[in-house]
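Observations on chain architecture
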Amino acid sequence: MVIDYQKSVNVFIKKLIEDFEFYPEKYSISFHQIISRQQKKDFDRLIELYTSNIAYNPTNASAYYNRGLIHNKKASYKQALNDFTKAIELDQNFTFAFIARGETYVYLNEYELSDKDFAKAMELNNQNPTIYTSLGSIRRIQYRFNEAIEYFNKAIELNDSIESAFYGRAMAYRGLKDYQNAIKDFTKAIELNPNDSYAFCNRGITYSNIDSLDEALKDFDEALKLKPEDVFVLNNKGLVHRKKLEEDIAEKTFKAAIEKMPEDCYAYYNLGNLNRE
């Protein structure tokens, strides 16, 4: 059987585009991560496609918006800012462009400009739950946990099926050391999206916070099934084995993290502490 490689790539890229266009809450601050080489290639290809689309139709605000989202995923924040600004110039009622630019200003430490964009987004549509999910995520990384919870509450009130709102609120509860409510919200996030390795990992960390170590290990194993290369999960799993006084297993786990990512200083640090004891 001959495989049409280009067709397969195009189908995959189409799926990425659909994710960006229809599920913007998936790309709120709490979900930003270092991208793999393959993801970088995929994103570069998407940027090429949107750039071609813009050349063909320079007044397409959505093309600028979507290209900006991809620049954000690549941490190319200034390029993203330019694209969102252009999208807003073309469509001054583009709520999601104001939200995205507001998030981007945060990455650039321009908090006042960010607040202005979110205020404008609310003015355009104060019933859009993504506004409150994004603001909750921003307040959380600013350690303003109570404010974050208020924003996540509003998002959930408007739409109780947004996984990232429950995930973000769980992280805020954990910041307040309200571990039981955090576990409850992580569990709801997992219920809404059973493929979210971050929710499993962070629920595992929260279980560890209350010394429910066996539950923590179960969650780390689930996270690793979904994302086997995640050294952050491996490090936390090793720390739980260390808590359980299972030094040999902890050592193997930290070494597995180093094998997967030799530049992971956190794993070396944990291994060094283990060997010192």
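Residues numbered from 1 in each chain as written. Predicted model: local features only at pLDDT ≥ 70, side-chain atom pairs only at ≥ 80, totals over all residues. Heavy atoms only, no water.

1. Focus: helix α13 (residues 231–243)
Counted at 1.5 Å a residue, the expected span for α13 with its 13 residues is 18 Å, and the 18 Å between its end C-alpha atoms agrees. Contacts made by the buried residues of α13 are with α11 (197–209), α12 (213–226), α14 (247–260) and α15 (265–276). For α13, the N-terminal cap is Asp230; the gap from its side-chain oxygen to the backbone nitrogen of Phe232 is 3.0 Å. Phi for Leu245, located one or two positions after α13, is positive at around 65 degrees. (Helix = DSSP H or I, 4+ residues; strand = E, 2+ residues; numbered from the N terminus. Expected span 1.5 Å × (residues − 1). Contact = heavy atoms within 4.5 Å. Polar contact = N/O pair within 3.5 Å; in protein donor to acceptor, adjacent residues only side chain to side chain.)

2. A word on the packing of aromatic side chains
Considering all chains together, one arrives at five aromatic pairs under this definition. Centroid distance Tyr65 to Phe84: 6.0 Å. Interplanar angle 50 degrees. Geometry classified as tilted. Of the two residues, Tyr65 is situated in helix α3 (residues 61–73) and Phe84 in helix α4 (residues 77–90); the sequence distance between them amounts to 19 residues. The burial state of Tyr65 is the same as that of Phe84; both residues are buried. Look at Tyr65 and Phe94: their rings are 4.9 Å apart centre to centre, the planes differ by 45 degrees, and that puts the pair in the tilted class. Here Tyr65 is found in helix α3, whereas its partner Phe94 is found in the loop between α4 and α5 (95–107), with 29 residues between them in sequence. Accessibility expressed as a relative area gives 6% for Tyr65, which makes it buried. By the ring-pair criterion, three or more aromatic residues cluster together here, those being Tyr65, Phe84 and Phe94. In this structure, Lys188 is placed above the aromatic ring of Phe166, and the distance from its NZ or CZ to the ring centre is 6.0 Å. (Phe/Tyr/Trp six-rings, centres within 6.5 Å; stacked < 30°, edge-to-face > 60°. Buried < 20%, exposed > 50% of the residue type's maximum accessible area, 1.4 Å probe, protein only. Lys NZ or Arg CZ within 6 Å of the ring centre and 35° of its normal.)

3. Examining the environment of Gly272
Examined against the element boundaries, Gly272 turns out to sit in helix α15. Given the relative accessible area of 30%, Gly272 is considered partly exposed. Separated by 21 residues in sequence, Gly272 and Glu251 have C-alpha atoms that sit 9.6 Å apart.

4. Describing unusual backbone geometry
Positive phi outside glycine occurs at Asn109, with the angle close to 60 degrees. Structurally, the position occupied by Asn109 is in the loop between α5 and α6 (111–124). If you check the backbone angles, Tyr143 has positive phi at about 65 degrees while not being a glycine. Tracing the chain through its elements places Tyr143 in the loop between α7 (129–141) and α8 (145–158). For Tyr143, a relative accessible area of 67% gives the class exposed.

5. Thoughts on the confidence of the model for the protein chain
On average, residues of the protein chain score 87 in pLDDT, and 85% of them are at 70 or above. Counting contacts from residues 1–35, a segment whose pLDDT is below 50, to residues more than four positions away or on other chains yields 64 contacts. (pLDDT = per-residue confidence, 0-100.)

6. Notes on the pattern of salt bridges
Tallied over the full model, the rule gives 21 salt bridges. Glu123 is the partner of Lys120 in a salt bridge, and the nearest nitrogen-oxygen pair spans 3.2 Å. Highlighted residues: Lys120 and Glu123, both in helix α6, separated by three residues, approximately one helical turn. According to the relative accessible area criterion, Glu123 is exposed, its value standing at 60%. Asp185 is the partner of Arg169 in a salt bridge, and the nearest nitrogen-oxygen pair spans 2.5 Å. Here Arg169, found in helix α9 (residues 163–175), pairs with Asp185, found in helix α10 (residues 179–192); they are 16 residues apart in sequence, far enough to count as distant. (Salt bridge = Lys/Arg side-chain N within 4 Å of Asp/Glu carboxyl O.)

7. A few points about the nonpolar core
With 68 residues, the main nonpolar core has Tyr65, Ala87, Ile131 and Phe220 as its most contacted residues. Per element, the largest residue contribution to this core is seven residues, and it comes from α9. (Core = buried A, V, L, I, M, F, W, Y, C linked by side-chain atoms within 4.5 Å.)

8. Brief notes about the packing of α10 against α11
The geometry of α10 relative to α11 is characterised by a closest axis approach of 9 Å and an angle of 160 degrees between their N-to-C directions. Classified by the angle between their axes, α10 and α11 sit roughly antiparallel to one another. Crossing of α10 against α11: the hand is left-handed. Contacts between α10 and α11 involve Tyr179, Ala182, Ile183, Phe186, Thr187, Ala189 and Ile190 on the former and, on the latter, Ala199, Phe200, Asn202, Arg203, Thr206, Tyr207 and Asn209. (Axes fitted to C-alpha atoms, helices over the stretch in contact; angles between N-to-C directions. Parallel < 35°, antiparallel > 145°, perpendicular 65-115°, else oblique. Left-handed = near helix turned anticlockwise from the far one by under 90°.)

9. Overview of the packing of α3 against α5
It is the contact of α3 with α5, at a shortest axis distance of 11 Å, that shows an interaxial angle of 25 degrees. The angle between α3 and α5 falls in the class roughly parallel. Considering the relative orientation of α3 and α5, their crossing is left-handed. From α3, Tyr65, Leu69 and Asn72 reach across to α5, where they touch Phe96, Ala97, Ala100, Thr104 and Tyr107. For the contact of α3 with α5, the class distribution of residues is six nonpolar, two polar and no charged. (Nonpolar A, V, L, I, M, F, W, Y, C, P; charged D, E, K, R; others polar.)

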